[in-house]
Amino acid sequence: MRSKTCFTNYPWNIEKGYNYIYDCDIKGFLDNIPHKKLMRVLNKYVADGTALDMIWNWLKTGYMEEGKYHRVDSGTPQGGFISPLLANIYLNELDWTLDLNNIRFVRYADNFLLFTKTEEDIKRTEEITKEKQRARAGDINRENKDCQF
C-alpha cells in the first residue's frame, strides 16, 4: 500500500469495500508543532549537524507584524516550503502506528483519511489515532463519513 500515491490509494480503498472514511486534520498543527519535540524526531533521522542547526534557526526566526518582532517557540512558518516536509517527518510515527494496526490511510502533512469497512472499526481507528496523537501536538478535528458507493 505504501507505493500507491494519494490519488490512486483513495479510490482503491473504496473499491475494496473500505467505505467508512475518517476524515481529519490536526487542529492548528503547523502553528503548534513543539520545536524541541520536532528536533528530537529530526535527530533520529538526520546526522548532519549543520542541517539540523539550519532547521533550528529557521524555526526560531520569528516574524514581524506591524513593525514589531515576535519570537516563536512552536510551529513552522505558514507557507514555508519546508513546513509540509517537517510535518510529514514529525508524523511518521503516527503512520507506523496506523500501519501496525492494519489501518488503511492516506496522509499529507496534517490532513489524512482513514478507511475502514465497518462503523465499529472507525471507532477503534479513532481511539488508536487519538491515543497516538496525544503524545504529539494538536487535537484531531474529525468528520466521520459513511460513503456507500
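Fair warning: this is a prediction, and the values are worked out from it, not measured in the lab. Counting restarts for each chain, with residues numbered from 1 along the sequence as it is written. Where totals are concerned, whole chains, interfaces and linings use all residues; where local detail is concerned, this predicted model gives features only for residues with pLDDT of at least 70, and gives and counts side-chain atom pairs only at 80 or more. Note that water and hydrogens are dropped before the side-chain values are worked out from all heavy atoms of the structure.

Moving on, we get to the overall build of the protein chain. Comment: elements are numbered from the N terminus, with helices defined as DSSP H or I runs of at least four residues and strands as E runs of at least two. Looking only at helices and strands, one finds seven helices and six strands in the protein chain. Written out in order from the N terminus, the α and β elements of the protein chain read α-β-α-α-α-β-β-α-α-β-β-α-β. Think of it in three bands: residues with accessible area under 20% of the maximum for their type are buried, residues over 50% are exposed, and the middle band is partly exposed, with areas taken using a 1.4 Å probe on protein chains only. Here the protein chain holds 149 residues, and the buried ones make up 39% of them. Note on definitions: a residue-residue contact is assigned when non-hydrogen atoms from the two residues lie within 4.5 Å. Looking at the protein chain alone, contacts between residues at least 24 apart form 67% of all its contacts between residues at least 6 apart. The Shrake-Rupley method, run with a 1.4 Å probe, gives the accessible areas here. Residue values count only the displayed protein chains as cover. Split by element, the accessible area of the protein chain, about 9000 Å² in all, is 51% carbon and sulfur.

We now examine the environment of valine 72. Considering the arrangement of structural elements, one finds valine 72 in the loop between strand 3 (68-70) and helix 5 (83-90). Put simply, valine 72 and glycine 62 are ten residues apart on the chain and 5.2 Å apart in space, counted from C-alpha to C-alpha. Beyond its immediate chain neighbours, meaning those up to four positions away, valine 72 contacts His35, Leu59, Lys60, Gly62 and Tyr63.

Quick look at the packing of helix 6 (residues 92-100) against helix 7 (residues 119-134) now. Here an axis means a line fitted to C-alpha atoms, over the contact stretch when the element is a helix, while the angle between two N-to-C directions is reported on a 0 to 180 degree scale. Relative orientation of the contacting elements helix 6 and helix 7 amounts to 150°, with a least axis distance of 10 Å. Between helix 6 and helix 7, the angle falls in the class roughly antiparallel. In the crossing of helix 6 with helix 7, the sense of the turn from one axis to the other is right-handed. Residue-level contacts link Glu93, Leu94, Thr97 and Leu98 of helix 6 to Ile128, Thr129, Lys132 and Gln133 of helix 7. Ten residue types, Ala, Val, Leu, Ile, Met, Phe, Trp, Tyr, Cys and Pro, are classed as nonpolar, four, Asp, Glu, Lys and Arg, as charged, and the remainder, Gly among them, as polar. Looking at the contact of helix 6 with helix 7 residue by residue, the class counts come to three nonpolar, three polar and two charged. Angle categories: roughly parallel below 35 degrees, roughly antiparallel above 145, roughly perpendicular from 65 to 115, and oblique for all the rest. Crossing handedness is defined as follows: a turn of the near helix away from the far one that is anticlockwise and smaller than a right angle gives a left-handed crossing, while the clockwise case is right-handed.

Within the element layout of this structure, tyrosine 69 appears in strand 3. Of the polar contacts made by the side chain of tyrosine 69, one reaches the backbone oxygen of threonine 61; its length is 3.0 Å. Distance and chemistry together define a polar contact, namely a pair of N or O atoms within 3.5 Å, with one atom able to donate a hydrogen and the other to accept it when in protein, and with adjacent residues in sequence counting only for side-chain atoms on both sides.

Attention now moves to the pairing of strand 5 (residues 111-116). When you tally the buried positions in strand 5, you get five out of six residues, the bulk of the element. Looking at chain direction, strand 1 (residues 20-26) and strand 5 are connected through six bridges and run antiparallel. If you follow tyrosine 20 over to strand 5, its bridge partner there is threonine 116. Where strand 4 (residues 104-108) meets strand 5, five bridges bridge the pair, whose relative direction is antiparallel. Bridged to arginine 107 within strand 5 is phenylalanine 112. Here a strand pair is declared whenever DSSP counts at least two bridges between the two strands. Adjacent in sequence and paired antiparallel, strand 4 and strand 5 are bridged by two residues, among which alanine 109 carries a positive phi angle near 55°.

Here, a salt bridge means any Lys or Arg side-chain nitrogen found within 4 Å of an Asp or Glu carboxyl oxygen. Going through the model one piece at a time under the given rule, you end up with five salt bridges. Lysine 60 serves as the salt-bridge partner of aspartate 73, at 3.5 Å between the closest nitrogen and oxygen. Of the two residues, aspartate 73 sits in the loop between strand 3 and helix 5 while lysine 60 sits in the loop between helix 4 (49-59) and strand 2 (63-65), which places them 13 residues apart along the sequence. Aspartate 95 is the partner of arginine 107 in a salt bridge, and the nearest nitrogen-oxygen pair spans 2.7 Å. Of this pair, arginine 107 sits in strand 4 while aspartate 95 is found in helix 6, placing the two residues twelve residues apart along the sequence. For the pair formed by arginine 107 and aspartate 95, the shared burial category is buried. Residues joined in a network through salt bridges with shared partners are Lys60, Arg71 and Asp73.

A few words now on helix 7. In this scheme, a helix's expected span is set at 1.5 Å multiplied by one less than its residue total. With 16 residues, helix 7 extends 23 Å from end C-alpha to end C-alpha; this agrees with the ideal 22 Å at 1.5 Å per step. Of all the residues in helix 7, the buried ones are Ile122, Thr125, Glu126, Ile128, Thr129 and Gln133.

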